[in-house]
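Chain by chain, the residues run as shown.
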Number of protein chains: 2
Amino acid sequence: MSMVDQMTKLACGAKAASRGLSQLSSEEKNRALFAMADALVNRAPQLKEANAKDMATGAQMGLSSAMLDRLKLDDKRIAAMAKGLREVAALPDPVGRVLDERTRPNGLRLRKIATPIGVVVIIYESRPNVTADAASLCFKTGNATILRGGKEALHSNTDIAETMVAAGRAALGERFPAHAIQVVNTTDREAIPALLSLTQYVDLCMPRGGEGLIRAVAECSKVPVIKHYKGVCHVFVDRAADLAMAEQIVMNAKVQRPAVCNAAETLLVDAAVATQFLPAIAAKLWNKGVELRADPATFTVLNAKLETPKSKLKAAVESDWSTEYNDYILNVRTVDGVAAAIAHINHYGSAHSDAIVTADETAATRFLAEVESAAVYWNASTRFTDGGEFGMGAEIGISTDKIGARGPMGLDELCTYKWLGYGTGQVRG
Amino acid sequence: MSMVDQMTKLACGAKAASRGLSQLSSEEKNRALFAMADALVNRAPQLKEANAKDMATGAQMGLSSAMLDRLKLDDKRIAAMAKGLREVAALPDPVGRVLDERTRPNGLRLRKIATPIGVVVIIYESRPNVTADAASLCFKTGNATILRGGKEALHSNTDIAETMVAAGRAALGERFPAHAIQVVNTTDREAIPALLSLTQYVDLCMPRGGEGLIRAVAECSKVPVIKHYKGVCHVFVDRAADLAMAEQIVMNAKVQRPAVCNAAETLLVDAAVATQFLPAIAAKLWNKGVELRADPATFTVLNAKLETPKSKLKAAVESDWSTEYNDYILNVRTVDGVAAAIAHINHYGSAHSDAIVTADETAATRFLAEVESAAVYWNASTRFTDGGEFGMGAEIGISTDKIGARGPMGLDELCTYKWLGYGTGQVRG
């Protein structure tokens, strides 16, 4: 069977499943999710066995110990997957939610309601728990899922998906659509373009992972892609900032968890407070082991200090301003006020999350209005951009796109809508 | 200058303009729109002169009289464009609308607000009034527009856009961004792929026109495309239908305005009422000159009648079921109940607008839930899928996509959103 035929079979099955999924009640979906959670725990020995095959291949492939750690499934991680499924079951069902309602002068009653999107392809890298997370969020929203994880995780991902499907079928019988959750059963690279050419069956693709992966998917896809690009997040300390608050926010945004997309990569400091703020914040950052990459003005201020650890202060180069380090590195630039900060962010940022620290409402309002990012904060850390922190429950990712969902994507964001018209024989005059 | 350089210049200007546009108040935008409306009327002689050049070229190109009629600008049409602009000015401004609001346990206040999308490319065919319609809707929503009409309308489109820009600048001075409304100033076919490769500047493309145009645009675009495909709309007459109501809805959906996308192309009749309903509706449709293309069961029923005009009854071929005729032609199929009707519609339809006529709430509920179209009606005509009829005011088109807007696209649907976080120094624990 050619790759296109193979993917067509998969996608066509998913489309049929999506019709069955849209007919499940919330109670049925939740019952299936609880059964899936139990099954993951009960089948922990088999899951670990499948995972051991992947770990062995991974070691042969020469994966780093960090990569091998991400790949590993142990009882704790299996329990965490099960807990995630139960949490998704406990969330309200967004399908059928009335988004708008109006009665026209002719008596026609219109309702805009949330509906499943249909068939969603999720492409991701190593961690097998994404399989359970993504599949459960899609299942709860009535979407059929096609999962494509890293090739090093194929056995683990397949076993997780098969466990979920078997549990769903045991819970709901014939009502559970056979192809609701599928893993792409080949590691061939050609599978992705083949699958993403099938616009008649596939409604959406969400790649999760490094920028290279996401760009490659977006480049080849004929179906809509919601992209979760890098997070080049900024904190701007305005001249009217409470500098103690600014220090706390900068430290939190950079070092509380540097490896995540909503961590800050660049600190912008208003020139009016630069000489006062920079040495203090630099000392705190250096104390946590953060390397600073500074523009000339900042460099001059910091380099003049006797106590500066020279190895932790570098001159920033142009490409630094648009780099997501995910590490203990921070760009620092002195800017001339809020307008310059906004211009820097819109030019170098990734439209993810950016913050201003200021007591000046005019500056804050301008920043909130003009920074073109999915989440913009006034006197709060960029680290809050997260489905859980936003009160959405679980999230499938954070979109940096403008069409479709933007920012954290929870259950609501995995739905589309349709209009229902209730008439009594109305015709158009 | 290469085509990519030329389009980059255009798109880069639009991106800069989009930032200026997002800073205009509702009052400023409306003032500019009224000034544009006045300017179109005042410059009618010049607009007609530009249009005369297009009409002459069009005649030389051998355009049909219908095409030439679409291309023509006269005082009535110019007045209609101006009226459209004033209506857009009168509509509420969607930008800044609060879509969601929540305060988290840590006191962080989150607001989800509607914002402009940024830079929107509109690709369309002959009628120059689309230039004013599309530009005004985009302007009102704070989006910079790049317009690409038919090559036969270049002079008209350019003159309309320049008139609007000059009027906007006269009304708002420096506050009016110079590149808010631009027409692609070449008829070169390579301009479209070049423009739609510029993901760093262009946020969305909306092609309007025939299926071939839309497919070609979707195929080449690297930016998100909201597609307005064909309308293969259905009316299903259920066994529990009020047959008098069904007749009125079928007649309205087919003949009130056959050339539009929300007109019906296929009538599905429940086998239980086929022998009763078909002869009566066929007689009414024939009386209006409608040709029927029937499946074997329907053909047999209708062909048996003495009074049947044989030239107006044909056997449907497979491709007919997915054809948008935009004409006095209707497919007719006898189906075995609501499930078969739903399966037919989801298989052959275009996810635009479909209706069920029935007094049976169970059948209606199933139809509304399972038909996967942007608009689904119970006891009302498919012809209602329209921004005006939905109470949205003007519309820029009707989306048959699932990601981004779906169904009629008015001002709200030309916006995206962002999250604003208002804190008092919150950091993540």
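In this text the structure is predicted, and so the values were computed from the model without any measurement.

Re the overall build of chain A
Helix and strand counts for chain A come out as 14 helices and 16 strands. For 429 residues, the compact-globule estimate of 2.2 N^0.38 gives 22 Å, and chain A sits close to it at 24 Å. Oriented by its inertia axes, the alpha-carbon framework of chain A measures out at about 75 × 70 × 35 Å. Within chain A, buried positions represent 54% of all 429 residues. Taking the intrachain contacts of chain A between residues at least 6 apart in sequence as the baseline, contacts between residues at least 24 apart amount to 72%.

Quick word on the relation of the copies chain B and chain A
Overlaying chain B with chain A gives an RMSD of 0.0 Å, the required rotation being 180° about an axis along which the chain moves by 0.0 Å. What we have between these two chains is a two-fold relation. Rotation axis and chain B: the residue whose C-alpha lies nearest the axis is glycine 404 of chain B, separated from it by 2.1 Å. Comparing interface residues between copies, 100% of those in chain B also lie at the interface in chain A; the contact surface is shared.

A look at helix α7 (residues 154–172) of chain A
One turn of an α-helix holds 3.6 residues; hence residues three or four places apart share an orientation. Helix length check: α7 of chain A, at 19 residues, gives a terminal C-alpha distance of 27 Å against a target of 27 Å (1.5 Å per residue), a fit within 8%. Remark: glycine 173 of chain A follows α7 of chain A within two positions and exhibits a positive phi of approximately 60°.

Some thoughts on the packing of helix α2 (residues 26–42) of chain B against helix α6 (residues 129–140) of chain B
Residue and element names in this part refer to chain B. Following both chains from N to C, one finds α2 and α6 inclined at 165°, their axes separated by 10 Å at the closest point. Judged on the interaxial angle alone, α6 and α2 are roughly antiparallel. In the packing of α2 onto α6, the handedness of the crossing is right-handed. Here Lys29, Leu33 and Leu40 of α2 lie close against α6, whose contacting residues are Ala132, Ser136, Phe139 and Lys140. Considering only residue class, the contact of α2 with α6 consists of 4 nonpolar, 1 polar and 2 charged.

A look at the sheet that holds strand β4 (residues 144–148) of chain A
Residue and element names in this part refer to chain A. Spatially, 4 strands are ordered β5-β4-β3-β6 in an open sheet, and the strand pairing comes out parallel. Because the sheet does not close on itself, it has two edges, and the strands there are β5 (181–183) and β6 (204–207). When the angles between neighbouring strand axes are averaged without regard to direction, this sheet yields 20°. The sheet contacts of α7 involve β4 and β5, and relative to β5 the element is tilted by about 160°.

Considering the sheet that holds strand β1 (residues 98–103) of chain B
On the basis of which strands lie adjacent, the open sheet formed by 10 strands has the order β10(A)-β9(A)-β11(A)-β8(A)-β7(A)-β12(A)-β13(A)-β16(B)-β2(B)-β1(B) and mixed pairing. Whereas interior strands pair on both sides, the edge strands pair on one side only; in this sheet they are β10 (313–315) of chain A together with β1 of chain B. This sheet shows a mean twist of 20° between the axes of neighbouring strands, independent of strand direction. Here strand β7 (residues 233–237) of chain A runs beside strand β8 (residues 264–270) of chain A; their pairing, made up of 5 bridges, is parallel. Across the sheet, the residue bridging to valine 235 of chain A is leucine 267 of chain A, located in β8 of chain A. The strands that helix α13 (residues 337–348) of chain A touches are β7, β8, β11 (329–335) and β12 (353–357) of chain A; relative to β11 of chain A, the one it contacts most, it runs at about 140°.

Considering the interface of chain B and chain A
In this assembly, 51 residues from chain B lie in contact with 51 residues from chain A. Elements with a minimum of two residues in the side of chain B that touches chain A: α10 (243–255), α14 (361–370), β13 (375–380) and β16 (415–426) of chain B. Ranked by the residues each element gives to the side of chain B that touches chain A, the list is headed by β16 of chain B, at 11 residues. Among the residues making up the side of chain B that touches chain A, the classes are represented as 23 nonpolar, 17 polar and 11 charged. Sheet analysis places strand β16 (residues 415–426) of chain A next to β13 of chain B, joined by 5 bridges and oriented parallel. Opposite leucine 420 of chain A, over in β13 of chain B, you have valine 376 of chain B as the bridge partner.

Concerning the nonpolar core
Formed by 161 residues in total, the largest nonpolar core has its most connected members in Leu195 of chain A together with Leu195 of chain B. With residues near it in sequence (within four places) discarded, leucine 195 of chain B still touches Met7, Ala11, Val121, Ile146, Val184 and Val202 of chain B.

Focus: the pairing of β12 of chain A
Residues and elements named next belong to chain A. With 5 of its 5 residues buried, β12 lies for the most part within the structure. Going residue by residue along β12, you find Ser353, Ala355 and Val357 tucked away on one face and Asp354 and Ile356 tucked away on the opposite face as well. In this sheet, β12 lies alongside β7 in parallel orientation, the contact comprising 4 bridges. Pairing of valine 235 across the sheet is with alanine 355, part of β12. Two elements, β12 and strand β13 (residues 375–380), share 4 bridges in a ladder whose sense is parallel. Pairing of serine 353 across the sheet is with alanine 375, part of β13.

Topic: α2 of chain B
Residues and elements named next belong to chain B. Counted at 1.5 Å a residue, the expected span for α2 with its 17 residues is 24 Å, and the 24 Å between its end C-alpha atoms agrees. Looking at α2, one finds that the buried residues are Lys29, Ala32, Leu33, Ala35, Met36, Ala37, Ala39 and Leu40. For α2, the elements touching its buried residues are α3 (44–61), α5 (75–90), α6 and α7 (154–172).

Quick notes on unusual backbone geometry
Where the residue is not glycine, phi is negative for most of them; where a peptide bond is considered, it is trans in most cases. Residues and elements named next belong to chain A. You will see that asparagine 326, though not glycine, has its phi angle at about 50°, which is positive. Structurally, asparagine 326 can be placed in the loop between β10 and β11. One non-glycine residue, asparagine 379, adopts positive backbone phi at about 60°. Among the secondary structure elements, asparagine 379 is positioned in strand β13.

So, the domain arrangement of chain A
Residues and elements named next belong to chain A. Partitioning chain A into structural domains gives domain 1 (3–227 + 405–422) and domain 2 (233–389). Centre-to-centre separation of domain 1 and domain 2, based on C-alpha positions: 36 Å. Taken together, the 4 residues of domain 1 in the interface contact 5 residues of domain 2. A per-class count over the side of domain 1 that touches domain 2 returns 1 nonpolar, 2 polar and 1 charged.

About the cut-offs
- Residues numbered from 1 in each chain as written.
- Chains lettered and ligands numbered in written order.
- Predicted model: local features only at pLDDT ≥ 70, side-chain atom pairs only at ≥ 80, totals over all residues.
- Helix = DSSP H or I, 4+ residues; strand = E, 2+ residues; numbered from the N terminus.
- Rg over C-alpha atoms; globule rule 2.2 N^0.38 Å.
- Buried ≥ 20, exposed ≤ 12 C-beta atoms within 10 Å, placed from the backbone.
- Contact = placed C-beta atoms within 7 Å.
- Least-squares fit on C-alpha atoms with pLDDT ≥ 70 in both.
- Expected span 1.5 Å × (residues − 1).
- Axes fitted to C-alpha atoms, helices over the stretch in contact; angles between N-to-C directions.
- Parallel < 35°, antiparallel > 145°, perpendicular 65-115°, else oblique.
- Left-handed = near helix turned anticlockwise from the far one by under 90°.
- Nonpolar A, V, L, I, M, F, W, Y, C, P; charged D, E, K, R; others polar.
- Pairing = 2+ DSSP bridges.
- Core = buried A, V, L, I, M, F, W, Y, C linked by C-beta atoms within 7 Å.
- Domains from an automatic or database assignment.

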